[in-house]
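# Chain and residue survey
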Amino acid sequence: MTTQETGQVTGTKDKDYNLLWFTQACLDNALRLETYIADAERDGDSELTDLFRKAQADSRKGAEQGKALLRSRLGG
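Residues numbered from 1 in each chain as written. Predicted model: local features only at pLDDT ≥ 70, side-chain atom pairs only at ≥ 80, totals over all residues. Heavy atoms only, no water.

Let us now look at helix α2 (residues 46-74). Between its first and last C-alpha, α2 extends 41 Å over 29 residues, near the 42 Å set by a 1.5 Å rise per residue. Of the residues making up α2, those classed as buried are T49, F52, Q56, S59, G62, A63, G66 and L70. On its buried side, α2 packs onto α1 (14-42). Following α2 by one or two positions, G75 adopts a phi angle in the positive range, close to 80°. (Helix = DSSP H or I, 4+ residues; strand = E, 2+ residues; numbered from the N terminus. Expected span 1.5 Å × (residues − 1). Buried < 20%, exposed > 50% of the residue type's maximum accessible area, 1.4 Å probe, protein only. Contact = heavy atoms within 4.5 Å.)

The following block contains the structure:
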């Protein structure tokens, strides 16, 4: 018996679930980093602010790529 869920229980294949999870995680990171950026700015830490802004940009990019792939696979 396998411990991996391959769609029999959820109706969602692993690769599809993984794409959905990735996109959602990127969106969550972008949102969470907004708070971290504000905290760093409030403390006057420009180095940390820059790091968090770059990480946020990467998260947004990942989310956009994930959304584009979801659109193409869902036909919309």
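Our next topic: the side chain of Q56. Its location among the elements puts Q56 in helix α2. A polar contact is formed between the side chain of Q56 and the side chain of E34, at a distance of 2.8 Å. Look past the residues within four positions of Q56 in its chain and what remains in contact with it is A30, L33, E34 and I37. (Polar contact = N/O pair within 3.5 Å; in protein donor to acceptor, adjacent residues only side chain to side chain.)

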